Protein chains: 2
Amino acid sequence: MNHEFKLINQYFKHDYQHPATQLGNGDDASVHAIPDGYELVVSSDASVMGSHWPEDFPLKQASDRAVCAALSDLAAMGAEATWVWSTVFLQQPEQAKPIAAGIHAACQRHHIEIAGGDTVKAPYPALNLTVAGLIPSQKVMQRSTAKVGDDLWLYGELGHAALGLQHWQQGITSSVFIDAFSKITPHLKQGKQLRELGIRCCIDISDGLLQDANHIAQASNVQLQIHTEKLNIILLRQDLADEEEALQLALSGGEDYGLLFCACPTLRETLKQISFQQIGTCVEGSNVQVLQHGQEKRAINQGYDHFSTMA
Amino acid sequence: MNHEFKLINQYFKHDYQHPATQLGNGDDASVHAIPDGYELVVSSDASVMGSHWPEDFPLKQASDRAVCAALSDLAAMGAEATWVWSTVFLQQPEQAKPIAAGIHAACQRHHIEIAGGDTVKAPYPALNLTVAGLIPSQKVMQRSTAKVGDDLWLYGELGHAALGLQHWQQGITSSVFIDAFSKITPHLKQGKQLRELGIRCCIDISDGLLQDANHIAQASNVQLQIHTEKLNIILLRQDLADEEEALQLALSGGEDYGLLFCACPTLRETLKQISFQQIGTCVEGSNVQVLQHGQEKRAINQGYDHFSTMA
């Protein structure tokens, strides 16, 4: 048996199998029988050391984050998460153990089957997570279904993970923000709840509120108006002297993995009761407008861009 | 719009959509309705420059190869290939165009929908391809279903790709072997044909005949006896002075992507007529035995090992 298989057998075995799986990890491919009345939802998401986590960040936490970031896409669709196919790019075989531990921890927390994947040698550690889930037919939430007159809602914190990354880079070892960066919570329960309430338009915030809001605006052909007074920046303000800096982080900081969604105003009371925050409205247009005390606010960073330093 | 999205929109758009797709590329995830009577087959496969293709190899061909290598896993299951989620790790934005061109070319040749993926910056070019396909329920071919008394069969050439890689590294620019390395043919048609003939045990040969045969032997708890006289090494012998070297390449050379399968002897005439080659038999045991003129042959390389130089 060669080393690649030894690594896989040692660390990547995982006993849980979803009832719909006919053939799990260990063959050329896995096989799944999708139950009647359900559709399959699939997303694929990469994480690279240096781009997605700092070089001195623990590999176990980095791979746990990577799985949860991928699962967040399924939450945004309203799906039940069921399977992951994890590809691990290793610089050294010793990296297999902590990376596998992080993948397992995340999958166990969210009751996900590791249905397959690949383990390859590479000059840098990286991961690719393909995640899949099930959803009742025709009920998926998407980006293109916001309507003029809808309210704009948020679930989750803004800017906390971005500030956590700054703290980490400054050598701070413990803060509520470092926790927010270190451990991603994919809001699968809330995604399902929204879908069951009949919400049809949702996205997860991975690249910053403004950038992800813009995806809804363009896909749905609406203008999203965001009111800065409605954004919860209390904790950011406690840490940052400058209110403007706190607001910028809330609007553009990446890696928050909250849910941003649009809902008919008839749902306003129901949504408030389950602690979603209304942060704006949908009007005619096809872009995002930030309003501060009723005035348009300009000169805002647009969010994280992997290639911005390279083009 | 940031650069990552520009790259994706410029190069990774692809118009073909499979009829079972409810929501294609462009949202947080893709959504698919699996037709009644079918199961879903999924595999995920990575390729890294330096490990899976030489640094001076054209990126377009490298990414075309990567897609086809992944599709080969679906061929081995007997599935119809339908979707790919492609993650591209780019060192420079300029690499997006040739890599996307190779992915498109492979997907168009095999009528595959690009259902999603990710594009990220990395210190080294690499790809991850998650591929999925459909198969009539309960008909999948797997590694664990060989039986004592079965014949062992092969479809495809042995050692050609490995010799092609050697030629490339020696600076030879054109040979039938370089062609075999440069362009992978996933044997989807043959996989389907075998499944329709009732074959239940098949694997694709990605890491060398012996290593992949060993996967069947262990999963099925049979001994596979391979007769060297039955291996077609005519072309290898024309290029290589040494018969032993040719045989070693045929037994252990990687990246061939042929199909290795086990079949009941009652199918012998049918399989011969459609130009499959019988190369051995299944007997009691749980390993692979190579027989040369009836004598056991020892001291054979066991196939490609990504981590062999690192452990």
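Below or above, wherever it landed, is the structure these notes cover. (Residues numbered from 1 in each chain as written. Chains lettered and ligands numbered in written order. Predicted model: local features only at pLDDT ≥ 70, side-chain atom pairs only at ≥ 80, totals over all residues. Heavy atoms only, no water.)

Looking now at unusual backbone geometry. Positive phi values are uncommon outside glycine, yet A:E255 reaches one of about 70°. Mapped onto the fold, A:E255 is located in the loop between α9 (243-252) and β10 (258-263). Given a relative accessible area of 18%, A:E255 falls into the buried group. Although it is not a glycine, B:N221 sits at a positive phi angle of roughly 60°. For B:N221, the position within the fold is in the loop between α7 (209-220) and β9 (223-227). (Helix = DSSP H or I, 4+ residues; strand = E, 2+ residues; numbered from the N terminus. Buried < 20%, exposed > 50% of the residue type's maximum accessible area, 1.4 Å probe, protein only.)

Position of A:H32 relative to the elements: it lies in strand β2 (residues 30-32). According to the relative accessible area criterion, A:H32 is buried, its value standing at 0%. A distance of 3.4 Å separates a polar atom in the side chain of A:H32 from a polar atom in the side chain of A:W83. Apart from residues lying up to four places away in sequence, A:H32 is in contact with A:A20, A:T21, A:Q22, A:W83, A:W85, A:A115, B:E39, B:L40 and B:V42. (Polar contact = N/O pair within 3.5 Å; in protein donor to acceptor, adjacent residues only side chain to side chain. Contact = heavy atoms within 4.5 Å.)

Scanning the model with the defined rule gives 1 cavity of 30 Å³ or more in all. Here the largest cavity defines a volume of roughly 40 Å³. Among the elements of the structure, β3 (38-48) and β6 (126-136) of chain A together with β3 (38-48) and β6 (126-136) of chain B are those that each provide at least two residues to the lining of the largest cavity. Its residues assigned to classes, the lining of the largest cavity shows 8 nonpolar, 2 polar and no charged. (1 Å grid on protein atoms, 1.4 Å probe; cavity = no way out; pocket = protein on both sides within 12 Å on 5 of 7 lines; lining within 4 Å. Points joined across faces, edges and corners; volume = space filled by probe spheres on them. Nonpolar A, V, L, I, M, F, W, Y, C, P; charged D, E, K, R; others polar.)

On to the packing of helix α2 (residues 59-77) of chain A against helix α3 (residues 96-110) of chain A. Residue and element names in this part refer to chain A. Packing of α2 against α3 brings their axes to within 7 Å, and their N-to-C directions diverge by 40°. Comparing their axes, α3 and α2 come out oblique. In this structure, the crossing between α2 and α3 has a hand that is right-handed. Along its contact with α2, which presents L59, K60, S63, D64, V67, C68 and L71, the element α3 presents P98, I99, A101, G102, I103, A105, A106, C107, R109 and H110. Broken down by class, the residue content of the contact of α2 with α3 amounts to 11 nonpolar, 3 polar and 3 charged. (Axes fitted to C-alpha atoms, helices over the stretch in contact; angles between N-to-C directions. Parallel < 35°, antiparallel > 145°, perpendicular 65-115°, else oblique. Left-handed = near helix turned anticlockwise from the far one by under 90°.)

It is worth spelling out the sheet that holds strand β5 (residues 113-121) of chain B at this point. Pairing in this open sheet of 6 strands is mixed, and the strands run β1(A)-β2(A)-β3(B)-β6(B)-β4(B)-β5(B) from one edge to the other. Single-partner strands in this sheet number two, and they are β1 (21-23) of chain A together with β5 of chain B. Each neighbouring strand pair of the sheet contributes to a mean axis angle of 20°, computed without reference to strand direction. As paired elements, strand β4 (residues 80-90) of chain B and β6(B) share 9 bridges and run antiparallel to each other. Residue pairing in the sheet places B:W83 in a bridge with B:A132 of β6(B). Docked against the sheet, helix α2 (residues 59-77) of chain B engages β1 and β2 of chain A together with β3, β4 and β6 of chain B, running at close to 30° with respect to β6(B). (Pairing = 2+ DSSP bridges.)

Once that is clear, we can look at the environment of B:K139. Residues and elements named next belong to chain B. Its location among the elements puts K139 in the loop between β6 and β7 (151-155). Overall, the relative accessible area of 45% leaves K139 in the partly exposed class. Taking the C-alpha atoms as reference points, K139 and A79, separated by 60 residues in sequence, lie 9.0 Å from one another. In this structure, K139 is in contact with R195 and R200, ignoring residues within four places of it in sequence.

A word on the pattern of salt bridges. Residue and element names in this part refer to chain A. Counting across every chain of the model gives 16 salt bridges over all chains. Its salt-bridge partner being D64, residue R109 comes within 2.8 Å of it at the nearest N-O pair. Placement of R109 in helix α3 and of D64 in helix α2 is noted, with a sequence separation of 45 residues between them. For D64, a relative accessible area of 8% gives the class buried. When the shortest N-O distance is used, the salt bridge between E244 and K297 registers 2.8 Å. Pair noted here: E244 is in helix α9 and K297 is in the segment after β13 (295-296), with a separation of 53 residues, a long-range link. Using a relative accessible area of 32% as the deciding quantity, one classes E244 as partly exposed. (Salt bridge = Lys/Arg side-chain N within 4 Å of Asp/Glu carboxyl O.)

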